[in-house]
Every structure is written in structure tokens, then in C-alpha cells.
Amino acid sequence: MKTDLYTKVMLTVIAAALTANLIKSSINPAMADSKHFVNVPVNADGSINVKITKGTGSMDVNIKEVDSRAFFYVEPIPVKVK
């Protein structure tokens, strides 16, 4: 009969912990580091349409510094120029 009492006590402790966790999570909702995210429209093939509207001539691009960890987990993006 001790096994039955032990099982009931353990299940009660587990139920109390789960209930406390539920109440705690409903009081303090999870936040994503206060970062703002934007949805980007993606084409059916996974590409993204980009339109550069400032100026009609060439664009000056000067890369002064690149972090050494910037391209560890990145694949190149194919670019089509029309």
C-alpha cells in the first residue's frame, strides 16, 4: 500500500508544479528580446523583388570592414540584374 500512497503524492507534486508553471507563464508572457520583425513578401520560388529608387546612375559601394563571423552560416544569394 505504500507504493500507492507514494504514487499519489508524486503525481500531486507533478500536478502542482505544472499548474504553477502555467500560472507563471500566463502572468509574464514571453518576449523576443524587444526586437522588431517585419514580414517580407517572398515569391513562390523563394526569391525577393528588390527595387532601388534613389537615383538612376551607378551606386557607390564602399566596404570598409566586415566582421570575421559574418559569413559562417550563410549561403550566397543569387542576384539577377535586368
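As a reminder, the structure under discussion sits directly above these lines.
Every chain is numbered independently, its residues counted from 1 as its sequence is written. The predicted origin of the model limits local features to residues at a pLDDT of at least 70 and limits the giving and counting of side-chain atom pairs to 80 or more, whereas totals for whole chains, interfaces and linings rest on all residues. To obtain the side-chain values, all non-hydrogen atoms of the structure were used and water was disregarded.

(A) Summary view of the overall build of the chain. Summing up its helical and strand segments, the chain has one helix and zero strands in all. Total accessible area computed for the chain in this model is approximately 9,300 Å², and 62% of it derives from carbon and sulfur atoms. Here a helix means four or more residues in a row that DSSP labels H or I, a strand means two or more in a row labelled E, and each is numbered from the N terminus. Accessible surface area values rest on a Shrake-Rupley calculation with a 1.4 Å probe, where residue burial reflects the displayed protein chains alone.

(B) Representation of the pattern of salt bridges. One speaks of a salt bridge when a side-chain nitrogen belonging to Lys or Arg is within 4 Å of a carboxyl oxygen belonging to Asp or Glu. Summed over all chains, the structure comprises one salt bridge. Note that aspartate 4 is salt-bridged to lysine 8, the shortest N-O span being 3.6 Å. With a gap of four residues between them, aspartate 4 and lysine 8 both fall in helix α1 (residues 2-27), about one helical turn apart. Under the scheme applied here, a residue whose accessible area is under 20% of the maximum for its type counts as buried, over 50% as exposed, and between as partly exposed, the area being computed with a 1.4 Å probe on protein chains only. In this structure aspartate 4 comes out as partly exposed when scored by relative accessible area, which is 40%.

(C) Spatial organisation of a nonpolar patch on the surface. Together, Leu5, Tyr6, Val9, Met10 and Val13 line one region of the surface with nonpolar side chains, adding up to about 490 Å² of accessible area. One can find leucine 5 in helix α1. A patch is a set of surface residues, each over 30% in relative accessible area and not in a salt bridge, joined within 9 Å for like charges and within 5 Å for the nonpolar side chains Val, Leu, Ile, Met, Phe, Trp and Tyr.

(D) Local environment of the environment of threonine 12. With respect to the helices and strands, threonine 12 occurs in helix α1. Pairs of N or O atoms within 3.5 Å make up the polar contacts considered here, provided that, within protein, one atom can donate a hydrogen while the other can accept it, and that residues adjacent in sequence are counted only when both atoms are side-chain atoms. One polar contact links the side chain of threonine 12 to the main-chain carbonyl oxygen of lysine 8, over a distance of 2.7 Å.

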